[in-house]
Structures are given as structure tokens and as C-alpha cells.
Amino acid sequence: MTETRLVVSDIDGTLLNSSHEITDKTKKIVKKLDEKGIEVALASARAPKAMDYLAHQLALQTPLVCFNGALIVQKEQDQLNTLYSLALEQRDALLLYQTIRAKFPDVCFNVYSNHHWFVEQEDFWTKQEAAISQVTPEVISLEKYLKENYPVHKVLCMGAPSEIDRLQLEIESMNITGVAVNQSKDTYLEIVQQQVSKLTALRFLTKQRALSLSNTLAIGDNYNDMPMIQHAGIGIAMGNSPQEVKQVADLVAPANDQNGFYHGINESLRIIS
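Everything numeric in this text was worked out from a predicted model, so none of it was measured.

### Examining the nonpolar core
So, point 1. Grouped together as the largest cluster of nonpolar side chains are 52 residues, with contacts concentrated most on Val 7, Leu 33, Leu 42, Leu 64, Leu 217, Ile 265 and Leu 269.
So, point 2. If sequence neighbours within four positions are ignored, Leu 33 has contacts with Val 7, Ile 38, Val 40, Ile 265, Leu 269 and Ile 271.

Here it is in C-alpha cells:
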């Protein structure tokens with residue numbers, strides 16, 4: 001059996017329980033992985049700052065795969081330095097903003113650029129996301145910002161499930177080349193550059209370490225985790241995953257509220273007796 005040298009884990013619904021907490025068992029097995037010389041890297045739709053405080057809790061020194069792979073950063077001396085970046089085209093980001101503001105005024109439009117989270121006003125949705133991510137948004141004029149051609153690594157739209165469903169259909173009907181949309185939950189629509197994926201990020205990390213995909217283990221719970229779960233040496237789906245995600249995995253772990261991260265890793269690697 002090929003030796004696992006790198007574990008790449010999703011965060012929400014995988015590493016964290018439903019209360020957005022890292023359990024003691026998760027901390028225990030991450031520490032054990034470190035003792036065995038197996039690195040753990042986090043890969044999420046979250047922004048760098050929303051991932052960094054979790055990495056700190058786990059004493060991780062590995063790169064952070066942010067925005068589903070649109071941005072990879074490495075913390076060095078309290079600085080988050082960019083290793084990899086793939087942003088939306090300016091015209092695409094501006095078109096999305098103008099279309100959504102005109103047709104979906106009740107949808108909360110958020111822009112993520114490098115380490116920044118920008119909004120036009122704080123509302124129910126931004127306050128909810130700030131409480132989950134432990135990051136505070138910056139209030140600016142988004143149209144002005146987008147016209148100045150700063151990098152946009154992710155657009156997040158938040159709203160009622162029916163509005164998010166309609167919005168996804170609207171964006172898909174626009175046929176914008178180079179844009180990918182994904183519902184991370186029924187109230188969140190994530191928009192990134194089309195080539196962005198956690199699998200691309202996984203390949204970047206393996207190349208950086210002179211490893212092959214067979215030396216990796218990937219664990220996650222949602223559709224955006226499927227490619228890395230399918231192509232990693234060992235792929236684990238959480239018990240709370242949709243059936244399609246479970247079908248491409250080598251192992252289905254218990255749910256995130258049943259310490260599925262701990263049990264899935266340990267069943268695969270047998271590092272805690």
C-alpha cells in the first residue's frame with residue numbers, strides 16, 4: 001500500500017461539527033498525524049483569515065487552500081503570503097454584480113479579494129457569516145472597486161433558498177465563459193473562476209512536496225470535494241455527504257457530528273489503536 005504523506009481536509013461539514021467547533025477527538029488525531037510525519041492541509045470555500053484561526057487551533061503550518069482553490073496562502077511570521085492565485089476576469093465580476101443588483105436586489109452580494117471580504121452594507125446574512133467565520137467584512141462601494149480591476153477570487157451570494165435557486169439558473173443561462181457556480185448550501189451560491197477546484201490545489205501541494213496523488217488522503221462532505229476525493233490515494237466522504245459524493249469515495253465515515261473526521265482518518269490509516 002502506498003504511504004500517505006499528506007491529508008487534505010474540507011472544513012465546514014467535515015473538520016467542524018454543526019456548531020462550527022473542532023472536537024477534542026479531531027485535535028487528537030491531527031496531533032497524531034503530525035507525530036507520524038503526515039501533513040494536514042485545510043481546503044475550503046472560506047477566506048484566508050477564516051481558515052487561519054482554525055489552523056492555529058490545530059498548530060498547522062501547511063498552506064491554506066482558500067476559496068475552493070482560487071487562492072493558496074502560506075503563513076510566515078504572521079503574514080499570509082500568496083503561493084497561488086486564480087481570479088475572476090474583471091468584466092465577468094462586474095457583469096455579475098450589475099446583473100445581480102438589478103434582478104436580485106434582496107440577495108446579499110459579497111466580494112472576496114486576497115485577504116479581504118467586501119460588502120456594501122452589513123445585513124442579516126453578513127452578520128451570520130461573520131459569526132461563523134470569525135471575520136468582519138469591510139463596507140465599500142463594490143461597483144467602484146470592481147471597476148478598478150482588483151483581483152476577485154470569489155463572489156458569494158447569500159439569500160433565501162428560492163432566490164438562490166433562481167439566481168443559479170440566471171447565471172447559468174448567461175453562459176459566461178470562465179465562471180463556475182456552486183451552492184455550498186441552499187442559502188449560499190459561490191462563484192469562482194471556472195478552472196478553480198480543490199483537485200487543482202491538491203495537485204499543486206503534491207508537486208510542491210514532490211509527492212504523487214497516491215500519497216494523499218482527501219476528506220470532505222460536499223460536491224466541491226468530489227474531485228479531490230475521487231483522485232486522491234484515499235478518498236473519504238462524510239456521513240452527512242450527499243449520496244453522489246459517497247459514491248466516489250473509498251470510505252464513508254460517520255457524520256461530522258459523530259466525529260466522522262476522527263473515525264474516517266483512523267479507519268483509513270490506523271494510527272490510533
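That shown, we press on.
### Side note on the pattern of salt bridges
So, point 1. The full count for this structure, using the stated rule, is 11 salt bridges.
So, point 2. In this structure, the salt-bridge partner of Lys 147 is Glu 143, at a minimum N-O distance of 3.8 Å. Of this pair, Lys 147 and Glu 143 both sit in helix H6 (residues 142-147), 4 residues apart, which is roughly one turn of that helix.
So, point 3. Lys 147 sits in the exposed class, given a relative accessible area of 51%.
So, point 4. Here Glu 143 falls in the partly exposed class, since its relative accessible area comes to 28%.

### As for the side chain of Asp 10
So, point 1. Within the fold, Asp 10 resides in the loop between strand S1 (6-9) and helix H1 (11-15).
So, point 2. There is a polar contact of 3.0 Å between the side chain of Asp 10 and the side chain of Lys 198.
So, point 3. Look past the residues within four positions of Asp 10 in its chain and what remains in contact with it is Leu 15, Ala 43, Ser 44, Lys 198, Ile 219, Gly 220, Asp 221, Asp 225 and Met 228.

### Focus on the sheet that holds strand S3 (residues 64-66)
So, point 1. Taken in spatial order, the 8 strands of this open sheet run S5-S4-S3-S2-S1-S12-S13-S14, and their pairing is mixed. Every interior strand has two partners, whereas the edge strands, strand S5 (79-85) and strand S14 (251-252), have only one.
So, point 2. Examined bridge by bridge, S1 and strand S2 (residues 39-43) share 4 bridges and lie parallel to one another. In the sheet register, Val 8 faces S2, and the bridge partner there is Ala 41.
So, point 3. The strands touched by helix H8 (residues 198-208) within the sheet are S1, S2, S3, strand S4 (71-76), S5 and strand S12 (216-220), with S1 carrying the most contacts at an inclination of about 155°.
So, point 4. With respect to the sheet, helix H11 (residues 260-269) is in contact with S1, S12, strand S13 (234-237) and S14, its orientation differing from that of S13 by roughly 150°.

### A closer look at the packing of aromatic side chains
So, point 1. Scanning the entire structure with this criterion turns up 7 aromatic pairs.
So, point 2. The interplanar angle of 50° and the centroid separation of 5.6 Å between the aromatic rings of Tyr 84 and Phe 204 together place this pair among those described as tilted. One end of the pair, Tyr 84, is in strand S5; the other, Phe 204, is in helix H8, with 120 residues separating them in the sequence.
So, point 3. With relative accessibility at 23%, the residue Tyr 84 sits in the partly exposed group.
So, point 4. With 5.8 Å between their ring centres and 10° between their planes, Tyr 112 and Trp 117 make a pair best called stacked.
So, point 5. The exposure class of Trp 117 is buried, given its relative accessible area of 3%.
So, point 6. Directly above the aromatic system of Tyr 262 lies the positively charged group of Lys 25, at a separation of 4.9 Å from the ring centroid.
So, point 7. Cation over ring: Lys 154 sits above Tyr 112, and NZ or CZ is 4.7 Å from the ring centre.

Cut-off values and rules
Residues numbered from 1 in each chain as written. Predicted model: local features only at pLDDT ≥ 70, side-chain atom pairs only at ≥ 80, totals over all residues. Heavy atoms only, no water. Core = buried A, V, L, I, M, F, W, Y, C linked by side-chain atoms within 4.5 Å. Buried < 20%, exposed > 50% of the residue type's maximum accessible area, 1.4 Å probe, protein only. Contact = heavy atoms within 4.5 Å. Salt bridge = Lys/Arg side-chain N within 4 Å of Asp/Glu carboxyl O. Helix = DSSP H or I, 4+ residues; strand = E, 2+ residues; numbered from the N terminus. Polar contact = N/O pair within 3.5 Å; in protein donor to acceptor, adjacent residues only side chain to side chain. Pairing = 2+ DSSP bridges. Axes fitted to C-alpha atoms, helices over the stretch in contact; angles between N-to-C directions. Phe/Tyr/Trp six-rings, centres within 6.5 Å; stacked < 30°, edge-to-face > 60°. Lys NZ or Arg CZ within 6 Å of the ring centre and 35° of its normal.

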